[in-house]
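Residue-level structure breakdown
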Amino acid sequence: MIAEGTTASIYAKVLFNFFTVCVGGILTYLGLNVESFFLFAMLLLIDYITGVAKAFRLNQCITSNRMKYGILSKLSLLLIPLVLAIGAKAVGADFKTVLLVGVNILVLSEVYSIIGNIYSIRTKDELPEYDVVAMLGKRIRAVLLRYSDKEEE
């Protein structure tokens, strides 16, 4: 007979493995590099942690609502590569370059943010922020316009 705590542990492992296989399968089907996506998620987590540490160091108000908003904001960034990949699949376009550039811009943005957070923790001074999502949106729009112009010819 299996102990009750062990059964829960087995269920948790099975659920984790199922989730991992599903996510990995979806990312592979969409043409996203699983390793890059996972590393991007890790950068989001590190940015969140260093952001909370920066807020603490700068004596900024840390509330549960701000923390929830921060988590939702970071999770929404994970959706951008997925949306790009799903859109590319839906229209049957080869958007590998767009996906690569998009993910690279997001990754570099997170790296900059983490370095900025560490800088702020050490110096109590903040580096300027850049709206990478807006920049990425403009670039994707330009690519889509070029793609639609080619379709019309």
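This one's a predicted model, so the numbers in the text were calculated from it and none came from an experiment.

The next point concerns the overall build of the protein. Assigned secondary structure in the protein consists of 5 helices and 0 strands. Taken over the C-alpha trace, the protein has a radius of gyration of 20 Å; the compact-globule value for 153 residues is 15 Å, which it surpasses by more than 25%. Dimensions of the protein along its principal axes, counting C-alpha atoms only, are 65 × 55 × 25 Å. Across the 153 residues of the protein, 27% fall into the buried class.

It is worth spelling out the packing of aromatic side chains at this point. The tally for this structure, following the rule as stated, stands at 0 aromatic pairs. One cation-aromatic arrangement involves Lys 89 over Tyr 29; the distance from NZ or CZ to the ring centre is 4.5 Å.

Moving on to a nonpolar patch on the surface. On the surface, Phe 38, Leu 39, Met 42, Leu 45 and Ile 49 cluster together into a nonpolar patch covering about 470 Å² of accessible area. Given the relative accessible area of 32%, Met 42 is considered partly exposed.

This next bit is on the packing of helix H2 (residues 34-57) against helix H3 (residues 64-91). It is the contact of H2 with H3, at a shortest axis distance of 11 Å, that shows an interaxial angle of 160°. Relative to H3, the element H2 is oriented roughly antiparallel. Crossing hand, H2 versus H3: right-handed. Packed against H2, whose contacting residues are Phe 37, Phe 40, Ala 41, Leu 44, Asp 47, Tyr 48 and Val 52, the element H3 presents Met 67, Gly 70, Ile 71, Lys 74, Leu 77, Leu 78, Pro 81 and Leu 82 at the interface. When its residues are assigned to classes, the contact of H2 with H3 shows 12 nonpolar, 1 polar and 2 charged.

Our next topic: H2. The end-to-end C-alpha distance of H2, which contains 24 residues, comes to 34 Å, matching closely the 34 Å that a straight helix rising 1.5 Å per residue would cover. Among the residues of H2, Phe 37, Phe 40, Leu 43, Leu 44, Asp 47, Tyr 48, Thr 50, Lys 54 and Ala 55 are the ones counted as buried. Between the side-chain oxygen of the N-cap and the backbone nitrogen of Glu 35 there are 2.8 Å, and the N-cap of H2 in question is Asn 33. Residue Asn 59 follows H2 closely and has a positive phi angle near 55°.

Further remarks concern the confidence of the model for the protein. Low pLDDT means the predicted coordinates in that region are not meant to be read closely. Of the residues in the protein, 92% reach a pLDDT of 70 or more, and the chain-wide mean stands at 84. Mean pLDDT across the secondary structure elements of the protein bottoms out at helix H5 (residues 132-152), with 73, and peaks at H2, with 92.

What follows covers the environment of Pro 128. Along the chain, Pro 128 falls in the loop between helix H4 (96-123) and H5. Given the relative accessible area of 48%, Pro 128 is considered partly exposed. Distance in space between the C-alpha atoms of Pro 128 and Gly 116 is 8.3 Å, their sequence separation being 12 residues.

The next point concerns unusual backbone geometry. Of note in this structure, Asn 59 is not a glycine but carries a positive phi near 55°. Positionally, Asn 59 belongs in the loop between H2 and H3. Residue Asn 59 is classed as exposed on the basis of its relative accessible area, which comes to 67%. Not every positive phi belongs to a glycine, and Lys 124 is a case in point at roughly 65°. Position of Lys 124 among the secondary structure elements: in the loop between H4 and H5. Given the relative accessible area of 47%, Lys 124 is considered partly exposed.

A few words on the pattern of salt bridges. Under the counting rule described, the total for this entry stands at 3 salt bridges. Linking Lys 54 and Glu 126 is a salt bridge whose minimum nitrogen-to-oxygen distance equals 3.2 Å. Within this pair, whereas Lys 54 is found in helix H2, its partner Glu 126 is found in the loop between H4 and H5, the two being separated by 72 residues in sequence. A relative accessible area of 11% means that Lys 54 is categorised as buried. For the salt bridge of Glu 110 with Lys 74, the shortest nitrogen-to-oxygen distance reads 3.2 Å. Here Glu 110, found in helix H4, pairs with Lys 74, found in helix H3; they are 36 residues apart in sequence, far enough to count as distant. The exposure class assigned to Glu 110 is buried, which follows from its relative accessible area of 4%. Where salt bridges share partners, they join Asp 47, Lys 74 and Glu 110 into one cluster.

Rules and cut-offs
- Residues numbered from 1 in each chain as written.
- Predicted model: local features only at pLDDT ≥ 70, side-chain atom pairs only at ≥ 80, totals over all residues.
- Heavy atoms only, no water.
- Helix = DSSP H or I, 4+ residues; strand = E, 2+ residues; numbered from the N terminus.
- Rg over C-alpha atoms; globule rule 2.2 N^0.38 Å.
- Buried < 20%, exposed > 50% of the residue type's maximum accessible area, 1.4 Å probe, protein only.
- Phe/Tyr/Trp six-rings, centres within 6.5 Å; stacked < 30°, edge-to-face > 60°.
- Lys NZ or Arg CZ within 6 Å of the ring centre and 35° of its normal.
- Patch = residues over 30% accessible without salt bridge, like charges linked within 9 Å, V, L, I, M, F, W, Y side chains within 5 Å.
- Areas by Shrake-Rupley, 256 points an atom, 1.4 Å probe, with all protein chains shown as cover.
- Salt bridge = Lys/Arg side-chain N within 4 Å of Asp/Glu carboxyl O.
- Axes fitted to C-alpha atoms, helices over the stretch in contact; angles between N-to-C directions.
- Parallel < 35°, antiparallel > 145°, perpendicular 65-115°, else oblique.
- Left-handed = near helix turned anticlockwise from the far one by under 90°.
- Contact = heavy atoms within 4.5 Å.
- Nonpolar A, V, L, I, M, F, W, Y, C, P; charged D, E, K, R; others polar.
- Expected span 1.5 Å × (residues − 1).
- Polar contact = N/O pair within 3.5 Å; in protein donor to acceptor, adjacent residues only side chain to side chain.
- pLDDT = per-residue confidence, 0-100.

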